[in-house]
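Topology and contacts: notes
What follows is the residue order along each chain.
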Amino acid sequence: MSLLNDLINLDLSDTTEKIIAEYIWIGGSGMDLRSKARTLPGPVSDPSKLPKWNYDGSSTNQAPGDDSEVILYPQAIFKDPFRKGNNILVMCDAYTPAGEPIPTNKRFNAAKIFSHPDVVAEEPWYGIEQEYTLLQKDTKWPLGWPVGGFPGPQGPYYCGVGADKSFGRDIVDSHYKACLYAGVNISGINGEVMPGQWEFQVGPTVGISSGDQIWIARYILERITEIAGVVLSFDPKPIPGDWNGAGAHTNYSTKSMRNDGGIDVIKKAIEKLGLRHKEHIAAYGEGNERRLTGRHETADINTFSWGVANRGASIRVGRDTEKDGKGYFEDRRPASNMDPYVVTSMIAETTILWKP
Amino acid sequence: MSLLSDLINLNLGESTKKIIAEYIWIGGSGMDLRSKARTLPGPVTDPSELPLWNYDGSSTGQAPGNDSEVILRPQAIFKDPFRRGNNILVMCDTYTPAGDPIPTNKRFNAAKIFKHPDVVAEEPWFGIEQEYTLLQKQVNWPLDWPVGGFPGPQGPYYCGVGADKSFGRDIVDSHYKACLYAGINISGINGEVMPAQWEFQVGPATGITAGDQLWVARYILERITEIAGVVLSFDPKPIPGDWNGAGAHTNYSTKSMRSDGGIHVIKKAIEKLGLRHKEHIAAYGEGNERRLTGRHETASISTFSWGVANRGASIRVGRDTEKEGKGYFEDRRPASNMDPYVVTSMVADTTILWKP
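The rules behind the values
Residues numbered from 1 in each chain as written. Chains lettered and ligands numbered in written order. Predicted model: local features only at pLDDT ≥ 70, side-chain atom pairs only at ≥ 80, totals over all residues. Heavy atoms only, no water. Helix = DSSP H or I, 4+ residues; strand = E, 2+ residues; numbered from the N terminus. Rg over C-alpha atoms; globule rule 2.2 N^0.38 Å. Buried < 20%, exposed > 50% of the residue type's maximum accessible area, 1.4 Å probe, protein only. Contact = heavy atoms within 4.5 Å. Areas by Shrake-Rupley, 256 points an atom, 1.4 Å probe, with all protein chains shown as cover. Lys, Arg positive; Asp, Glu negative; His and termini not counted. Charge placed at Lys NZ, Arg CZ, Asp CG, Glu CD. UniProt positions renumbered as here; feature names shortened; annotations may be inferred. Phe/Tyr/Trp six-rings, centres within 6.5 Å; stacked < 30°, edge-to-face > 60°. Lys NZ or Arg CZ within 6 Å of the ring centre and 35° of its normal. Axes fitted to C-alpha atoms, helices over the stretch in contact; angles between N-to-C directions. Parallel < 35°, antiparallel > 145°, perpendicular 65-115°, else oblique. Left-handed = near helix turned anticlockwise from the far one by under 90°. Nonpolar A, V, L, I, M, F, W, Y, C, P; charged D, E, K, R; others polar. Buried area = accessible area lost by both parts, 1.4 Å probe. Salt bridge = Lys/Arg side-chain N within 4 Å of Asp/Glu carboxyl O. Polar contact = N/O pair within 3.5 Å; in protein donor to acceptor, adjacent residues only side chain to side chain. Pairing = 2+ DSSP bridges. Expected span 1.5 Å × (residues − 1). Arc of directions from axis to C-beta. Core = buried A, V, L, I, M, F, W, Y, C linked by side-chain atoms within 4.5 Å. Disulfide = S-S within 2.5 Å. Patch = residues over 30% accessible without salt bridge, like charges linked within 9 Å, V, L, I, M, F, W, Y side chains within 5 Å.

1. Notes on the overall build of chain B
Within chain B, the secondary structure is distributed over 10 helices and 13 strands. Taking 2.2 N^0.38 as the reference for a compact globule, 356 residues should give roughly 21 Å; the C-alpha atoms of chain B span a radius of gyration of 21 Å, in line with that estimate. Seen through its principal axes, chain B has C-alpha atoms that stretch 60 × 55 × 40 Å. Within chain B, the fraction of its 356 residues that count as buried is 56%. Counting contacts in chain B only where the partners sit at least 6 residues apart, residues at least 24 apart contribute 64% of the total. For chain B, the accessible area works out to roughly 14,600 Å², and carbon and sulfur atoms hold 52% of it. Charge centroids of chain B, computed over 38 positive and 41 negative side chains, lie 3 Å from each other.

2. A look at the UniProt feature "domain: GS beta-grasp" (unreviewed entry) in chain B
When the UniProt feature table is mapped onto this chain numbering, "domain: GS beta-grasp" (unreviewed entry) sits at residues 19–99 of chain B. Spanning residues 19–99 of chain B, this segment combines 0% helix with 48% strand, and its end C-alpha atoms are found 28 Å apart.

3. Let's talk about the packing of aromatic side chains
Summed over all chains, the structure comprises 26 aromatic pairs over all chains. With 5.7 Å between their ring centres and 75° between their planes, Tyr252(B) and Phe329(B) make a pair best called edge-to-face. Residue Tyr252(B) is located in strand β10 (residues 248–253), and its partner Phe329(B) is located in strand β13 (residues 329–331); the two are separated by 77 residues in the primary sequence. One exposure class covers both Tyr252(B) and Phe329(B), and it is buried. Connected via pairs of aromatic rings, a cluster forms that spans Phe114(A), Tyr126(A), Tyr252(A) and Phe329(A). A cation over a ring is seen here: Arg258(B) above Trp125(B), with NZ or CZ 3.8 Å from the ring centre.

4. Quick word on the UniProt feature "domain: GS catalytic" (unreviewed entry) in chain B
Look at the UniProt record and you will see "domain: GS catalytic" (unreviewed entry) annotated at residues 106–356 of chain B. With 37% helix and 19% strand, residues 106–356 of chain B has its two end C-alpha atoms placed 24 Å apart.

5. Quick word on the packing of helix α5 (residues 209–228) of chain A against helix α10 (residues 340–353) of chain A
All names here are of chain A. Running from N to C, α5 and α10 cross one another at 155°; their axes reach a closest spacing of 8 Å. As the angle between them shows, α5 and α10 are arranged roughly antiparallel. Crossing of α5 against α10: the hand is right-handed. In this structure, α5 contributes Ser-210, Gly-211, Asp-212, Ile-214, Trp-215 and Arg-218 to the contact, and α10 contributes Pro-340, Tyr-341 and Thr-344. Class assignment of the residues belonging to the contact of α5 with α10 gives a composition of four nonpolar, three polar and two charged.

6. Observations regarding the packing of helix α2 (residues 107–115) of chain B against helix α10 (residues 340–353) of chain B
Residues and elements named next belong to chain B. At a minimum axis distance of 9 Å, the contact between α2 and α10 shows a crossing angle of 30°. The angle between α2 and α10 places the two elements in the roughly parallel class. Handedness of the crossing formed by α2 with α10: left-handed. The segment α2 lies against α10, with Arg-107, Ala-110, Ile-113 and Phe-114 engaging Tyr-341, Thr-344, Ser-345, Ala-348, Asp-349 and Leu-353. Looking at the contact of α2 with α10 residue by residue, the classes come out as six nonpolar, two polar and two charged.

7. Things to note about the interface of chain A and chain B
With 46 residues of chain A at the interface, the matching set in chain B holds 48 residues. Between chain A and chain B, a total of about 4,000 Å² is buried, with carbon and sulfur atoms accounting for 55% of that surface. The interface formed by chain A and chain B contains seven salt bridges. We note a salt bridge from Asp67(A) to Arg319(B), for which the minimum N-O separation is 2.4 Å. In this structure, the connection of chain A to chain B is made through 25 residue pairs in polar contact (both at pLDDT 80 or more). Among the elements that make up the side of chain A that touches chain B, the one with the highest residue count is strand β2 (residues 33–40) of chain A (seven residues). For the side of chain A that touches chain B, a count of residues per class yields 16 nonpolar, 14 polar and 16 charged. As paired strands, β2(A) and strand β7 (residues 186–191) of chain B are joined by three bridges and run antiparallel to one another. Considered in β7(B), the bridge of Lys36(A) is made with Asn190(B).

8. Considerations on helix α4 (residues 169–182) of chain A
Residue and element names in this part refer to chain A. The terminal C-alpha atoms of α4 lie 20 Å apart, and with 14 residues this matches the ideal 20 Å at 1.5 Å per residue to within 8%. Along α4, the positions that sit buried rather than exposed are Ile-171, Val-172, His-175, Ala-178, Cys-179 and Ala-182. Down the axis, α4 shows its buried residues gathered within 135° of arc, on one side only. Exposed and facing more than 90 degrees away from the buried side of α4 are Asp-170 and Lys-177. If you follow the buried residues of α4, they end up packed against β4 (69–79), β6 (125–136), β7 (186–191), β8 (197–206), α5 and β9 (230–233). Downstream of α4 by a residue or two, Gly-183 has a phi angle that is positive, lying close to 100°.

9. Some details on helix α4 (residues 169–182) of chain B
All names here are of chain B. Along its 14 residues, α4 runs 20 Å from first to last C-alpha, staying within 8% of the 20 Å computed at 1.5 Å per residue. Summarising burial for α4: 13 of the 14 residues are buried, a large majority. The positive-phi residue at the C-terminal boundary of α4 is Gly-183, with phi of around 100°.

10. Focus on the UniProt feature "domain: GS beta-grasp" (unreviewed entry) in chain A
The UniProt entry lists residues 19–99 of chain A under the feature "domain: GS beta-grasp" (unreviewed entry), expressed in the numbering used here. Within the segment residues 19–99 of chain A, helix and strand shares are 0% and 48% respectively, and the terminal C-alpha atoms sit 27 Å apart.

11. Thoughts on the UniProt feature "domain: GS catalytic" (unreviewed entry) in chain A
UniProt records the feature "domain: GS catalytic" (unreviewed entry) for residues 106–356 of chain A in the present numbering. A distance of 24 Å separates the end C-alpha atoms of residues 106–356 of chain A, which is 37% helix and 19% strand.

12. Some thoughts on the nonpolar core
Tyr132(B), Ile184(B), Phe200(B), Ile220(B) and Phe329(B) are the most contacted members of the largest nonpolar core, which totals 78 residues. For this core, the element with the most residues is helix α5 (residues 209–228) of chain B, which contributes 10 residues. Judged by nonpolar contacts, the second largest core, of 57 residues, contains Ile186(A), Ile214(A), Ile216(A) and Phe234(A).

13. Some remarks on the pattern of salt bridges
Residue and element names in this part refer to chain B. Taken as a whole, this structure holds 36 salt bridges over all chains when the rule is applied. Its salt-bridge partner being Lys-326, residue Asp-260 comes within 3.0 Å of it at the nearest N-O pair. Taken as a pair, Asp-260 in the loop between α6 (255–258) and α7 (262–275) and Lys-326 in the loop between α9 (319–324) and β13 lie far apart in primary sequence, 66 residues in all. Overall, the relative accessible area of 68% leaves Asp-260 in the exposed class.

14. Examining the state of the cysteines
Any covalent bond linking the sulfur atoms of two cysteines counts as a disulfide. A full pass over the atoms with the stated rule returns zero disulfides over all chains. The thiol of Cys159(B) is unpaired, and the distance to the nearest cysteine sulfur, on Cys92(A), comes to 11 Å. Counting only cysteine sulfurs, Cys92(B) is the nearest neighbor of Cys179(B), a cysteine outside any disulfide, at a range of 18 Å. When its relative accessible area of 0% is taken as the criterion, Cys179(B) is described as buried.

15. A closer look at a nonpolar patch on the surface
On the surface, a cluster of nonpolar side chains totalling about 380 Å² of accessible area is made up of Leu4(B), Leu7(B), Leu10(B) and Leu12(B). Mapped onto the elements of the fold, Leu12(B) is located in the loop between α1 (2–8) and β1 (19–26).

16. Considerations on unusual backbone geometry
In this structure, Pro204(A) follows Gly203(A) across a cis peptide bond, with omega equal to 0°. Turning to its location among the elements, Pro204(A) is positioned in strand β8. The omega angle of the peptide bond from Gly203(B) to Pro204(B) is -5°, so this bond is cis rather than trans. By secondary structure assignment, the location of Pro204(B) is in strand β8 (residues 197–206). Unlike most non-glycine residues, Glu297(A) shows phi in positive territory, near 60°. Along the polypeptide, Glu297(A) turns up in the loop between α8 (277–283) and β11 (306–308). Not every positive phi belongs to a glycine, and Glu297(B) is a case in point at roughly 60°. Inspection of the secondary structure puts Glu297(B) in the loop between α8 (277–283) and β11 (306–308).

Encoded structure:
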């Protein structure tokens with residue numbers, strides 16, 4: 001296919017100023033990513049200079065057929081690692097023609113919370129650890145697993161190396177570089193405990209940008225698995241039994257937590273999260289009850305707990321933070337299929353704005 | 001095949017001034033594209049400076065064996081994205097040796113309409129949304145559909161991402177860049193509702209050039225699917241049943257429609273189109289009755305209707321146009337296998353020249 005690659009990799013900047021912008025949005029299920037591309041007359045680096053667009057909401061379960069237009073508002077620009085050159089990826093959110101956010105638009109509310117002066121003053125930082133599973137395309141069985149059977153039990157696979165321990169590294173490594181190229185603040189990757197499962201981390205990012213970057217990183221990952229002919233799964237417990245689930249642990253700190261004496265602010269914040277455990281769990285991803293069992297490095301879904309260096313707790317405070325008396329903490333409850341706009345804004349709201 | 005690619009990609013600019021011109025024309029069925037190449041002594045940018053040529057019309061159903069020469073008249077030049085350098089693609093139309101357009105030459109009549117002073121004064125703009133389906137080469141079944149079965153029902157595929165939702169993106173993305181390189185005004189692409197179905201848009205293009213650009217874009221697409229070993233189909237309803245068809249929605253505006261108060265001109269134009277519904281339908285593509293059923297985002301073939309943001313109508317006016325009181329409208333009736341010379345000139349003829 002090298003002739004096709006020659007065309008895909010054409011550098012158009014020799015022939016034209018025009019660029020291609022891929023507009024990306026979240027569809028009707030709240031987890032399905034959609035995108036389409038348009039030509040623009042020249043390079044753009046500011047989202048406010050990009051034109052609004054629209055799409056057929058009746059095809060994504062977001063509008064009826066006789067009133068089908070849903071409007072796309074560009075919110076964040078990233079460099080396109082597939083088309084390269086001056087071409088861009090554009091993260092958008094979705095509105096009615098009248099200018100109201102449609103029900104599946106979770107970014108709108110998150111942006112309101114992150115614009116609140118008390119929240120702005122606290123500069124909330126997030127580091128999200130996105131886990132995911134790679135599946136064989138036709139069987140939907142994990143990549144590298146024998147069809148009709150299982151690999152050896154968990155043990156050798158976490159950060160493992162070798163053809164019998166690491167399945168799909170191509171995808172993970174190309175994703176890492178593609179995200180860095182795109183301008184996503186990807187901070188690392190590792191192979192996970194279950195074979196065929198991986199993790200990447202995005203952060204630290206401030207406020208609303210955290211959600212934008214996770215969604216773009218997810219989009220880039222789905223494009224890459226598409227190229228590889230492998231299916232991407234964000235299911236929180238893809239294989240029942242003695243196999244780890246997939247989460248999206250969310251690391252969090254505010255200015256006060258990062259300053260001297262921050263450990264007390266952290267403890268107060270954790271208390272408030274404990275008082276709203278049920279509300280948070282309800283927003284932390286579908287199917288999480290299959291994952292949060294109290295086994296496999298999770299806390300039971302019905303119990304709220306926290307501890308230093310404790311991977312079996314709902315919230316873990318790192319030993320560094322305990323030692324320095326300031327830092328951040330890790331909410332281990334969100335599932336891999338959580339919406340980062342919802343989770344990040346809810347944590348900020350509960351810990352900064354909410355009064356019990 | 002990298003040695004072959006090296007030769008295909010040879011940059012001749014260093015060894016010779018000669019260029020290669022690929023002359024393209026439409027064959028006897030009205031949908032089959034044909035082409036052959038010739039060497040010219042140096043670069044050419046003006047079609048009137050290209051020599052006339054001829055071909056064997058008895059091999060394309062366009063002339064008898066004992067009087068087989070059909071004359072090719074160059075009409076538009078594009079850069080050749082396959083040979084690159086100074087090499088060109090040349091869109092031609094076809095004449096008898098005596099100088100008359102042969103019956104399958106639809107461009108000739110279209111050019112006459114577009115030269116009419118009333119039409120010239122109105123500067124008709126067209127934006128054509130060309131849908132198409134990719135098929136596996138050995139079996140007449142869509143790309144990546146299981147042979148002997150079906151993929152999951154429509155829903156996830158429109159603008160979808162991922163190996164289980166997007167089939168053939170390589171082809172689409174290389175086509176996008178190849179067309180931009182060639183100088184075609186391709187304005188965007190998107191994955192369609194039926195899996196393995198795609199769309200690209202060409203425009204806005206004024207008058208006769210809309211037809212030229214769409215035919216060359218179709219040619220480039222067929223060359224690319226040839227490289228990919230995939231078959232290109234413009235059938236308007238490739239798979240019967242609960243699967244979308246393929247259309248060539250034609251967006252249209254005149255100077256009056258784009259100026260203040262244009263919405264009234266638009267409504268008058270739509271009325272005139274309604275009075276000639278049967279004539280238009282007859283010219284809008286073979287097999288369209290299998291597609292225009294009133295379901296799957298189409299209007300029934302026997303009814304003429306229009307509406308704002310209504311994808312189930314014959315003609316759709318966008319919310320932007322309604323809001324601003326001027327703009328354009330979308331004729332959703334043409335099938336994917338329509339001839340753009342016929343459709344564009346007929347829309348202009350009916351709305352500008354025809355008196356009911």
